[in-house]
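Analysis of the macromolecular model
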Amino acid sequence: MATDRSRRRSWTFGVAVVATLVILYLTTGVSSGLRGGANIVITPFSWAVNTIARPIGHMLAGTVNYSDVVAQNEKLRYQLGKAEERANEGWSYARQLRELTTELNVPFVGSLPTVAAQITTLSPTNFSATVGISKGRDAGVMVGMPVVANGGLVGRVIATTANGATVRLITDTASSVGVTFKSGKTTLIVSGRGLNNGLGATAVPLGTSIAPGTKLSTDGLNGALYPAGLPVASVKTIILTPGAATYNLTVQPTANLRHLSYLDVVIWEPAA
Amino acid sequence: MRRVLVPVTLVTLFIVAIQLSVFSGLRFAGVVIMIVWLWPLAMGLAGLTTLALWCALVAGVFFDTHATTPFGLTAVVALLLAYGASRLGREGVGDLDSAAWWVTPLLAAAAGFVAPLIYVGASFFTFNFSLWRNSLFATMVVNAVAFFVLARPMARLARWLGNLGGSRR
């Protein structure tokens, strides 16, 4: 008897779990409402935890990493100088590119306004590559806008609040970007492989002339999610399978996604 | 039971806050340690079935509202872990006093190892077929190790909270 009751209880529990999962998944509208409510509840607890944990963390990090910080600062100063040099050199090329893209009737990112934002939160889970940023609807940030930093495409805004937004990084497994290279005649789809695994492209036709180190940038085709010309990644390795009509690529993001602090939201929306 | 529900809920919310504020930034081999799964598990191992399920639901739902993954998945995994652990806890397996010292950590490590796998498996029900690409094995290993280390302090906290209510189960 007891076993029957126990079995019944287990079944009920199992059915309840599956039903909860399905209902919660189907009612995504409810989930977005819950998100706001949950934030209000958790905020005081997070504040308390941060008040205690942050100074301890900073103290430990400062003690252990001080020499690293000094070295990193020097390196950054050097890189900034180099970047300024390159920016000066690239000015004339940028003007040429702007003229050409205007003639071809594709938007050029250099002419698009941006909103600078700070990263406020990292993805709390292992199963999505997202970051929270400090600017939202009030600053003109809308869902779908591309986000750039560290010299390349970082991701795309997927949710906004009045004072914040969530950015899905290009390394997220749900992310894919249409890219092109060199002459711009060939387009590829670069997909995320998870935060720690970089990017990849599959089913590249054998005739495509591509080599490790080739720079890939957004193609900006009709209906594309990103404007043309945003640097995305460079080819790392080419994986050939004997007998296959296509090959695969592993791709390294241009922007260093591991050390993001500030980023720019490009005020550009995909065509409807 | 009712008397202990409020402190348990408050502690659970603190656990979620610690998860979001500390553990999300503190990655080991790029992996986040999911203490929102360990907490209901510890409750379950303490034999507190109802409280374990309640903790799992609260921790899971509040965590899921901060993640961009399918809503409810973390809660479902937490519920499964809590339920499984409470079955063992009711039999006295994993009890901090009567069992060998390594039993609780080992059970927690096993749970930490399979939890990400259950998560990915459950994601198929939400038509999300790409979560397995997120360094799944590393996530399993890191969580197993972390659960092994953190299991006893968590179980002690769970048992202490359970004792506030005066009764088990």
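First, a word on scope: everything that follows refers to the structure included in this document. (Residues numbered from 1 in each chain as written. Chains lettered and ligands numbered in written order. Predicted model: local features only at pLDDT ≥ 70, side-chain atom pairs only at ≥ 80, totals over all residues.)

1. Description of the overall build of chain A
Helices and strands together make up the secondary structure of chain A, namely 2 helices and 12 strands. Each helix and strand of chain A, placed in order from N terminus to C terminus, yields the pattern α-α-β-β-β-β-β-β-β-β-β-β-β-β. Split into buried and exposed, the 272 residues of chain A put 29% on the buried side. Put simply, 57% of the contacts in chain A that link residues at least 6 apart link residues at least 24 apart. (Helix = DSSP H or I, 4+ residues; strand = E, 2+ residues; numbered from the N terminus. Buried ≥ 20, exposed ≤ 12 C-beta atoms within 10 Å, placed from the backbone. Contact = placed C-beta atoms within 7 Å.)

2. Concerning the interface of chain B and chain A
Opposite the 39 residues of chain B that make contact, chain A presents 34 residues. Only α1 (2-23), α3 (49-64), α4 (73-90) and α5 (103-123) of chain B provide two or more residues apiece to the side of chain B that touches chain A. No other element matches α1(B), which puts 9 residues into the side of chain B that touches chain A. Partitioned by chemical class, the residues of the side of chain B that touches chain A number 23 nonpolar, 15 polar and 1 charged. (Nonpolar A, V, L, I, M, F, W, Y, C, P; charged D, E, K, R; others polar.)

3. What to know about the sheet that holds strand β4 (residues 152-160) of chain A
Residues and elements named next belong to chain A. An order of β1-β2-β5-β4-β3-β12 is seen for the 6 strands of this closed barrel, with the pairing classed as antiparallel. Neighbour-to-neighbour, the strand axes of the sheet open up by a mean angle of 45°, direction not taken into account. Sheet topology places strand β3 (residues 146-149) next to strand β12 (residues 262-266); 2 bridges connect them, and they run antiparallel. In the strand pairing of β12, Val 148 is matched with Asp 264. (Pairing = 2+ DSSP bridges. Axes fitted to C-alpha atoms, helices over the stretch in contact; angles between N-to-C directions.)

As far as function goes, none of this settles anything; it's purely spatial.
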